[in-house]
Amino acid sequence: TTSTPNNNNNSNLFAWHSLPTSGLNMSLLTDQSVPILYFDDITLMEDDLHDNGQVQYSIKIRVMPTCAFVLTRLWLRVDHVLVRCRETRFLMDFTTTIAVGDSTTSAVPIPSIHRDVSWRECAWEHLAQHHLPSDLRTWQLLDQGLDTPEWQGVLKRIPAVPQLPAGIHAHAKWGANEQ
């Protein structure tokens, strides 16, 4: 397959820019005076790893008049080997926009978009050091309720990966590249 380069390609105009802290405006999500227009929790993939653990990839979506929120989560438990959780949160803030274009063309407002990335993992032999259950039965029960307060508490105790791979920022904002 061949393709012709497009000289009008705008793909390099925008990129993720690193932020020192989270830019997610959580007050938009917790504002109970604003209705939730759409919500879904979708499991895209799930497997029991031939009775050797659990893997699940899911997406949660919430749309409100002021924002849209997406949480992607990859949960992996390989029995007696490791537990791992990869989460990415996106918040599209419709209350603050940036204009695309210049004054001679019709500028198109797009929402402010922030992203937080969290990678957590722990080798099985180190679970007890982090006050995490090391017995298989507890993890199997936790797998059944991946969004209970108990599971969320366990998830927060799984240590964060000390450094994300190059090019992946823990906190970022989508924005225009400097010309």
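Residues numbered from 1 in each chain as written. Predicted model: local features only at pLDDT ≥ 70, side-chain atom pairs only at ≥ 80, totals over all residues. Heavy atoms only, no water.

What exactly am I supposed to notice about the overall build of the chain here?
Secondary structure summary: the chain contains three helices and seven strands in total. Listing every helix and strand of the chain by position from the N terminus yields β-α-β-β-β-β-β-α-α-β. Here the chain holds 179 residues, and the buried ones make up 32% of them. Sequence-distant contacts in the chain: of pairs separated by 6 or more residues, those separated by 24 or more amount to 60%. (Helix = DSSP H or I, 4+ residues; strand = E, 2+ residues; numbered from the N terminus. Buried < 20%, exposed > 50% of the residue type's maximum accessible area, 1.4 Å probe, protein only. Contact = heavy atoms within 4.5 Å.)

I'm lost on helix H2 (residues 136-143) in this one. Help?
Since the α-helix advances by 3.6 residues per turn, residues separated by three or four positions end up pointing in the same direction. The complete set of buried residues in H2 reads Trp139, Leu142 and Asp143. Buried residues of H2 fall within an arc of 100 degrees about the axis and therefore sit on the same side. (Arc of directions from axis to C-beta.)

Can you help me understand the nonpolar core in this one?
Taken as a class, soluble globular proteins show a tendency for nonpolar side chains to be buried jointly. With 13 residues, the main nonpolar core has Trp75, Val83, Leu127, Leu132, Trp139 and Ile158 as its most contacted residues. For this core, the elements supplying multiple residues, two or more each, are strand S5 (82-100), H2 and helix H3 (149-157). No other element matches H3, which puts three residues into this core. Once you skip the residues sitting within four places of it in the chain, tryptophan 139 turns out to touch Trp75, Arg77, Val83, Trp124, Leu127, Leu132, Pro133, Ser134, Val154 and Ile158. (Core = buried A, V, L, I, M, F, W, Y, C linked by side-chain atoms within 4.5 Å.)

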